[in-house]
Amino acid sequence: MAVISQNERELPIRDNPELESFDIVSTYHKLLADDPELTMPVAAIEALIEALSQSSAKTVFETMDLIKTQSAKLRNAVRNPIALTHGTDLFQQYLVMTLKQPGPDGKETNSHENFEVVRQHLMRNGRLFAQRAKQSREQIATIGREYIRDNYTILTHGGSRVVGTLLGRAAESIPGDARRRFKVIHVVNDDRRTESLRVVTALRARGVQVATIPESAAAYSMGKANMILVGAEAVTANGGVISRMGTYQLALLAKARKKDFFVAAEQHKFGKTFPLDQFDLGFNQDILDFHANKEAQEGEEKQTKAPVADPVDYTPPELITSLLSDNGVLTPSDVAKMVIDLMY
């Protein structure tokens, strides 16, 4: 069961007259473009805070209605809405919990005076979400450092910011703990070569020996790896992960070769998504293009969509050893409990 139902996608979106000049989709994309370190869930949260600042909503009901409406606009505007949906869901839950707290005068927050205090607090501290997200990577790097040992060879792929931070910090000395001496096998996808080489270049600059291999050599190289370390776009309600295409096959290979498979992911990526398999993500990636005659197909007007630009796959929890998060080292079952506590 995916988090975004078809019925939810088809709900009519009501416009707020005060937000006619505000485009949450453009705001979201601009936030991501202006700050390459920003994750999709946090960009979605910041876009919602900006929408809130543009509105003169004066009650809890008006505010929640505004957030739900703007969240729906954002989800419907992107092809893969999973990561940003985890952000909008988290922000809605945060807002509900905040609004339930007594105001400074001891009255309920839904009194006008106390509600305005909460609203102004969100406006002033909007960037705190991004700052805390970046701090989360440093926390994960500190935790994950303990799992990287001298003479280890670590296999990874993609351009995960948190994985890059973790490996980079492990290669540095800190008071009372010498730098780790390890090697990295980096699986490079030709379509995303630039982001992979960014991570590779940064590691080599710290003195880490890195070998780059094509995806076709992953199984061949798996025997040299001591552990596999990947990032995630989203962490699902059952402790699985949705990440860049190719993560699932690395997890399968690791399982077959009895290698530890670690996922590094910040808590703001946790959410209610619960896919049953690769084709139950709530959107169509158009990866499989079946036809019998390629030449004839190319001569006709194609009716199908182009494949999604950044395809993802789903790695189920049984293939994951542990998740390294800013809340510590978690098993997939730990994650499931945490999602229930966060979202329900």
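As a starting point, this report considers the structure included with it.

In a beta sheet, neighbouring strands pair by backbone hydrogen bonds and run either parallel or antiparallel. Strand order in the open sheet formed by three strands is β5-β6-β8, and the pairing between neighbours is antiparallel. Strands at the two margins of the open sheet, each flanked by one partner only, are β5 (234–235) and β8 (312–315). The pairing of strand β6 (residues 241–244) with β8 spans four bridges and is antiparallel. What sits directly across from Ser243, in β8, is Asp313. The sheet contacts of helix α11 (residues 247–256) involve β6 and β8, and relative to β8 the element is tilted by about 35°.

A word on unusual backbone geometry. Its identity as a non-glycine residue notwithstanding, Lys258 has a phi of 55°, on the positive side. Locating Lys258 in the fold gives a position in the loop between α11 and β7 (260–264). The class of Lys258 is exposed, set by a relative accessible area of 75%. If you check the backbone angles, Asp286 has positive phi at about 55° while not being a glycine. Topologically, Asp286 is positioned in the loop between β7 and α12 (294–299). Given the relative accessible area of 19%, Asp286 is considered buried.

The full count for this structure, using the stated rule, is two aromatic pairs. Ring centres 5.2 Å apart and planes at 55° place the aromatic pair Tyr147 and Phe262 in the tilted group. Residue Tyr147 is located in the loop between α7 (128–145) and β1 (153–157), and its partner Phe262 is located in strand β7; the two are separated by 115 residues in the primary sequence.

The next thing to look at is the pairing of strand β9 (residues 322–325). Residues Ser322 and Leu324 of β9 are buried on one face, and the alternating residues Leu323 and Ser325, pointing to the opposite face, are buried as well. Of the pairings in the sheet, the one linking β7 to β9 comprises three bridges and is parallel in character. Paired with Val263 across the two strands is Leu323, which belongs to β9. Bridging between β9 and strand β10 (residues 328–330) involves three bridges; their strand directions are antiparallel. From the neighbouring strand, Leu323 faces β10, where its bridge partner is Leu330.

Parameters at a glance
Residues numbered from 1 in each chain as written. Predicted model: local features only at pLDDT ≥ 70, side-chain atom pairs only at ≥ 80, totals over all residues. Heavy atoms only, no water. Pairing = 2+ DSSP bridges. Helix = DSSP H or I, 4+ residues; strand = E, 2+ residues; numbered from the N terminus. Contact = heavy atoms within 4.5 Å. Axes fitted to C-alpha atoms, helices over the stretch in contact; angles between N-to-C directions. Buried < 20%, exposed > 50% of the residue type's maximum accessible area, 1.4 Å probe, protein only. Phe/Tyr/Trp six-rings, centres within 6.5 Å; stacked < 30°, edge-to-face > 60°.

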